[in-house]
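# Notes for the structure review
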Amino acid sequence: MRLFKNILKFFFWLGLAGAGLGGLWAFAIVVYYWPSLHEEVSQLQDMESLLSEQLEVPMRVYTADNLLVAEFGEHRRTRINYQDIPKRYIDALLAAEDTSFYEHPGVDIKGLARAAVQLVDSGRIQSGGSTITMQVTRNYLLTRDRTFARKIREILLSLRLEQQLSKQQILELYVNKIYLGNRAYGISAAAEVYYGKPLKDLNLAQLAMIAGLPKAPSAYNPIVNPRRALIRRNWILSRMYHLNLLDDISYEAAIRAPVTARYYPPEQDIDAPFVAENARQFALETFGDKAYTRGLKVYTSIISEQQLAANQAIKDGLLNYDKRRGWRGVEREAIPLVAQQEALEGDALAEIEATESGLEQVQLALQDPVARKLQAQLGKDVSNWLKVLANTPVYGDLQPAIVVEAESKRLLVLKKGGELIELTPAAWDWAGRYHSPFWKDRHALTGNRLAKQGDLIRLQRSSANQQPWQLAQLPALEAALVAMKTETGEITAMVGGFDFNQSHFNRADQAARQAGSIFKPFVYMAALEKGYTPATIINDAPVVFEDQQLEDAWRPQNSTGTFYGPTRLREGLYKSRNLISIRVLNYIGIGQAIDYISRFGFSADRMPRNLSLALGSANVTPVEMTRAYAMLANGGYPVEAHLVTRIESFDGEVLYRAVKPKVCRNCPADQPNINLAGVTYPLSKSAVDERAVYTMHSILRDVIDDGTGSRAKALDRSDIRGKTGTTNELHDAWFSGFNSDLVTTVWAGFDQPSSTGEYGANLALPMWIKFMEVALKNKPESAMARPEGLVTVRIDPTNGLLASPGQQNAMFETFYRERVPEDYSFDNLLQNNFEEEGELTTPNNAPPPEALF
């Protein structure tokens, strides 16, 4: 009885569906010749203009020396003509998507009827009713909304399309537009994305894999879901076999083929992802979403040699710091040898049932031949470990590996790709257990205490022949580097973190961190312009400030915890004495100091209005700091930091050019602009006294010669100046250094501020040196010329007064001509030797040495 009711129900719904389809075709006949349909379909007749218009060309980003940095937009833009499409791909595609493609008029009536019956009976369509022609219509002429009216329009447009284009033209439109996952549009793009080679070089199994993607590019993605993709591929191969499109040998070979797909990113000439992202954002803000599809060529000021050096300097610096701090533990624990399989959904089971080889063949094809070889060698199936390693990204060249065996003096690890590597204690001699930023165990852990079987660790290549790999770990610390031309503001290298793929946050221009002592030169510059000299005596002694802007009474200290008494301003800066800096700011006045410091490009609104400003409590980004130091380096001329220099259209037309102020020291002061290579640029005007700038240069050279930046003497250059910076509790480490042509800033710290355990001189400066070794190699020395109005005299270093002719400890000091001290260290001295000839006047407004308190 139940069977009888089901039969009646079937014929009832079939009749209803037939009546509905009859009505639908009656309606179609009425509107088939509707004029607007003809106009819309006529858009598809001009194949060349259609494909060139709708197959968007991606945006490309280049260095200043024309190396490709990145590509944004559609993943590949390689068009393929019908005659170049492999026949076996067409066979596979039609077997999967539209078996009767060459017979139907654009709409498969049987398929639509079957879909209608399924919709009425079960509430959902179980097999698609769309033909390839309908998909072309949908992709090129219609929106993606799912309405009945749109479906009717799709059917009618498909019928008209078949009247105006050949089957070959329709297929060509289809294969060039269809989305196939991983940002790949079109089959040529998919071949490059999944297999890294042209479509014509793919084998049958690979072609069938791509043919299976249109129905569900995400679900059937062979990289993300290889088992489901393999089921779909084998179902297509089975369909081809039953349609007599494959012989026995080809079918058996293809259905047993393993999954060989993996992600092949777009080709690039240089690794600079933070640069690429910065340039992408600029182009997007300038041109909107069309920036991705117009074939724009974005040229940056990046110098490839410097960028490569910056990448390496930051990477090495962070890894070296990590080893100094100790072993924090494995990245992932106890990865199982066997992974639990997810349950298959109904459509996957249906495809398996329709494939004669079944699920067993899928499992065999999924077996990794490398895993089989390793199983014979190790006596255990490590296929899941290989899958985990394949899906674990490489960050900063640190290769993931899983521990196979762990002994006290030996670690056997499995690297991505199936290579077994044996590590000895020399490979982890740095790995004392981490306790805090200030403490790690003196002796390295034994191998079996470092890691256990199944643990995920990282390996770093070593230069040692005996031990080509070393144990490593992903750094928790981050760093940023910015290099800039001092006279233009053009950024020549930029790194925003250890690895862009691990964190897209660009610390070079997005992370505003406390500046610390690196900020002090700008405070001292204000004092030099107000009246202080490098010889002004300031007392380095304890002091308590009752400041309404601060919550409690403030008792600042030097980093050493020691107070040094009366000290010359020069020494106070190059030795980074905090108490002296605070008294200098107190002399200037906070409001006046902020007004002056803002000339260097710092935002006045972000500067604290209290005496902590003297110690660098303002938050700034590395780009902002580099721009400020560029102004110091170029003699006091403001520049605008920028990365993108010009943007061209696909045809080479210049759509944007960075017309930024440039420095011209030899140009007349009233000259407003300069013409370079046919482009007129505004000239930057001096914003500070060049005598104060030169004086600061001489003090910042002392930072290198006798102060906290002494490591930079390793460069063996006399034109280097710079300043270290460290914030409270060692949260941030800085170094900015320059010659007259190039300025570079390095910052290091944790994203969530906490102590690094190291000062800027130990943490940031070595990275700066490693970069500048490359950036300045074979470059002539370039230092600021001494401006007029300065003189050099011999002084007594203990009090800043003029020295006697025979004074043994006398030293030379630079003064504004009008600020030379008028008193001698001893009252009976009547003369002094000047390095510069000419009469000198004694200033009436020079401030006295600060009172000692």
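Being a predicted model, the structure only gives us computed values, none of them experimental.

### Some thoughts on the overall build of the protein
Counting its regular elements, the protein contains 26 helices and 25 strands. Residue burial in the protein is summarised as follows: out of 853 residues, 54% are buried. Sequence-distant contacts in the protein: of pairs separated by 6 or more residues, those separated by 24 or more amount to 68%. If you sum the accessible surface of the protein, you get close to 39,000 Å²; carbon and sulfur atoms cover 50% of it.

### Quick notes on the sheet that holds strand 4 (residues 399-407)
With respect to topology, 5 strands assemble into an open sheet ordered 6-5-4-9-10, the strand pairing being antiparallel. A single partner strand is all that each edge strand has here, and the edge strands are strand 6 (420-423) and strand 10 (469-472). For this sheet the average axis-to-axis angle between neighbouring strands, irrespective of direction, equals 45°. Where strand 9 (residues 456-461) and strand 10 come together, 4 bridges link them in antiparallel fashion. Its bridge partner being in strand 10, Leu459 is matched across the sheet by Leu471. Sitting on the sheet, helix 17 (residues 369-378) is in contact with strand 4, strand 5 (410-415) and strand 6, with an inclination near 45° to strand 6. Contacts between helix 18 (residues 383-390) and the sheet are confined to strand 4, strand 5 and strand 9, with strand 4 contributing the most and set at about 145° to the helix.

### Let's talk about the pattern of salt bridges
According to the stated counting rule, one finds 33 salt bridges in the structure shown. The partner of Asp322 in a salt bridge is Arg328, and the shortest N-O contact between them spans 2.9 Å. Residue Arg328 is classed as partly exposed on the basis of its relative accessible area of 39%. When the shortest N-O distance is used, the salt bridge between Glu758 and Arg324 registers 2.8 Å. Here Arg324 lies in helix 14 (residues 304-325) and Glu758 lies in the loop between strand 23 (742-749) and helix 26 (760-775), a separation of 434 residues in the sequence. Within the structure, one salt-bridge network assembled from shared partners comprises Glu405, Glu407, Arg410 and Glu422.

### Here's the deal with helix 8 (residues 167-177)
Within helix 8, 9 of the 11 residues are buried, which leaves it mostly tucked inside the rest of the structure. For helix 8, the set of buried residues is Lys167, Ile170, Leu171, Glu172, Leu173, Tyr174, Val175, Asn176 and Lys177.

### Considerations on the packing of aromatic side chains
How two aromatic rings sit relative to each other is set out by the distance from centre to centre and by the angle between their planes. One pass over the full model with this rule turns up 16 aromatic pairs. Pairwise contacts between aromatic rings join Phe519, Phe522, Tyr596, Phe600, Phe602, Tyr629 and Phe738 into one cluster. Sitting over the ring of Tyr264, Arg262 keeps its end group 4.1 Å from the ring centre. Across from the ring centre of Tyr299, 3.9 Å away, lies the NZ or CZ of Arg646, which sits over that ring.

### Some remarks on the nonpolar core
Nonpolar side chains tend to gather and get buried jointly when the protein is soluble and globular. Counting residues in each nonpolar core, the largest one holds 88 residues, and the members touching the most others are Phe519, Phe522, Val584, Phe600 and Phe602. With 8 residues, helix 24 (residues 622-633) is the single largest residue contributor to this core. In contact with Phe600, other than residues within four places in its own chain, are Phe522, Met525, Ala628, Met631, Leu632 and Val688. Judged by nonpolar contacts, the second largest core, of 53 residues, contains Ile132, Tyr140, Ile187 and Tyr220.

### Thoughts on the packing of helix 20 (residues 520-530) against helix 23 (residues 590-597)
Think of two packed helices as two axes; the pair is described by the angle between the axes and how far apart they sit. Closest axis-to-axis distance for the helix 20/helix 23 pair is 9 Å, and the angle between their directions is 105°. By the angle between their axes, helix 20 is roughly perpendicular relative to helix 23. The segment helix 20 lies against helix 23, with Phe522, Val523, Met525, Ala526, Glu529 and Lys530 engaging Gln592, Tyr596 and Ile597. Within the contact of helix 20 with helix 23, the residues separate by chemical class into 6 nonpolar, 1 polar and 2 charged.

### A short note on unusual backbone geometry
The phi torsion at Arg183 lies on the positive side, around 60°, for a residue other than glycine. With respect to the secondary-structure elements, Arg183 resides in the loop between helix 8 and helix 9 (187-195). The phi angle at Asp716 is positive, at roughly 55°, despite the residue not being glycine. In this structure, Asp716 sits in the loop between helix 25 (690-706) and strand 21 (721-726).

### Regarding the environment of Leu94
For Leu94, the position within the fold is in helix 4 (residues 87-97). We classify Leu94 as buried; its relative accessible area is 8%. Not counting the four nearest positions on each side in its chain, Leu94 is found in contact with Thr99, Phe101, Tyr102 and Ile132.

### A word on helix 9
In terms of residue burial, helix 9 counts as a mostly covered element, since 8 of its 9 residues are buried. Burial in helix 9 covers these residues: Ile187, Ser188, Ala189, Ala190, Ala191, Val193, Tyr194 and Tyr195. Gly196 sits one or two positions beyond helix 9 and adopts a positive phi of about 65°.

### Comments concerning the sheet that holds strand 11 (residues 478-485)
Pairing within the open sheet is antiparallel, and its 5 strands lie in the order 12-11-23-22-21. Only two strands of the sheet have a single neighbouring strand rather than two, namely strand 12 (491-495) and strand 21. Here the average twist between neighbouring strands, direction ignored, is 5°. Of the pairings in the sheet, the one linking strand 11 to strand 12 comprises 4 bridges and is antiparallel in character. Along strand 12, the bridge assignment pairs Leu481 with Val495.

### Notes on the environment of Phe500
Among the secondary structure elements, Phe500 is positioned in the loop between strand 12 and strand 13 (513-514). When the C-alpha atoms of Phe500 and Tyr395 are compared, they prove to be 8.6 Å apart, with 105 residues separating the residues in sequence. Non-local contacts of Phe500, meaning those with residues more than four positions away in its chain, are made with Pro273, Phe274 and Glu277.

### Brief notes about the state of the cysteines
Using the criterion set out here, one finds 1 disulfide in the structure. Put simply, Cys664 and Cys667 are joined by a disulfide, and their sulfur atoms are 1.9 Å apart. Here the S-S torsion is close to 75°, and the disulfide linking Cys664 with Cys667 is therefore right-handed. In this structure Cys667 comes out as buried when scored by relative accessible area, which is 19%.

### Comments concerning the side chain of Thr626
Looking at where Thr626 falls in the secondary structure, it is placed in helix 24. Thr626 gets classed as buried once you look at its relative accessible area, which sits at 0%. Engagement of the side chain of Thr626 in a polar contact is seen with the backbone oxygen of Pro622, the distance being 2.6 Å.

### Description of the pairing of strand 2 (residues 68-72)
Burial runs high along strand 2: 5 of the 5 residues are buried. Across 4 bridges, the pairing between strand 1 (residues 59-62) and strand 2 is antiparallel. What sits directly across from Arg60, in strand 2, is Glu71. Where strand 1 folds back onto strand 2 in an antiparallel hairpin, the turn is made up of 5 residues, including Asn66, whose phi is positive at roughly 65°.

### What to know about the confidence of the model for the protein
Within the protein, residue pLDDT values average 84, and 81% of them lie at 70 or more. Counted against residues more than four places away or in other chains, residues 123-127, with its pLDDT under 50, gives 10 contacts. With pLDDT under 50 throughout, residues 827-853 is counted as low confidence; its partners more than four residues away or in other chains account for 53 contacts.

### With respect to the packing of helix 14 against helix 26
In contact at an axis separation of 9 Å, helix 14 and helix 26 are set at 150° when each is read in the N-to-C sense. By the angle class used here, helix 14 and helix 26 are roughly antiparallel. Taken as a pair, helix 14 and helix 26 cross one another with a handedness that is right-handed. Contacts between helix 14 and helix 26 pair Glu305, Gln306, Ala309, Ala310, Gln312, Ala313, Ile314, Asp316, Gly317, Tyr321 and Arg324 from the former with Asn762, Leu763, Met767, Lys770, Phe771, Val774 and Ala775 from the latter.

Basis of the calculations
- Residues numbered from 1 in each chain as written.
- Predicted model: local features only at pLDDT ≥ 70, side-chain atom pairs only at ≥ 80, totals over all residues.
- Heavy atoms only, no water.
- Helix = DSSP H or I, 4+ residues; strand = E, 2+ residues; numbered from the N terminus.
- Buried < 20%, exposed > 50% of the residue type's maximum accessible area, 1.4 Å probe, protein only.
- Contact = heavy atoms within 4.5 Å.
- Areas by Shrake-Rupley, 256 points an atom, 1.4 Å probe, with all protein chains shown as cover.
- Pairing = 2+ DSSP bridges.
- Axes fitted to C-alpha atoms, helices over the stretch in contact; angles between N-to-C directions.
- Salt bridge = Lys/Arg side-chain N within 4 Å of Asp/Glu carboxyl O.
- Phe/Tyr/Trp six-rings, centres within 6.5 Å; stacked < 30°, edge-to-face > 60°.
- Lys NZ or Arg CZ within 6 Å of the ring centre and 35° of its normal.
- Core = buried A, V, L, I, M, F, W, Y, C linked by side-chain atoms within 4.5 Å.
- Parallel < 35°, antiparallel > 145°, perpendicular 65-115°, else oblique.
- Nonpolar A, V, L, I, M, F, W, Y, C, P; charged D, E, K, R; others polar.
- Disulfide = S-S within 2.5 Å.
- Polar contact = N/O pair within 3.5 Å; in protein donor to acceptor, adjacent residues only side chain to side chain.
- pLDDT = per-residue confidence, 0-100.
- Left-handed = near helix turned anticlockwise from the far one by under 90°.

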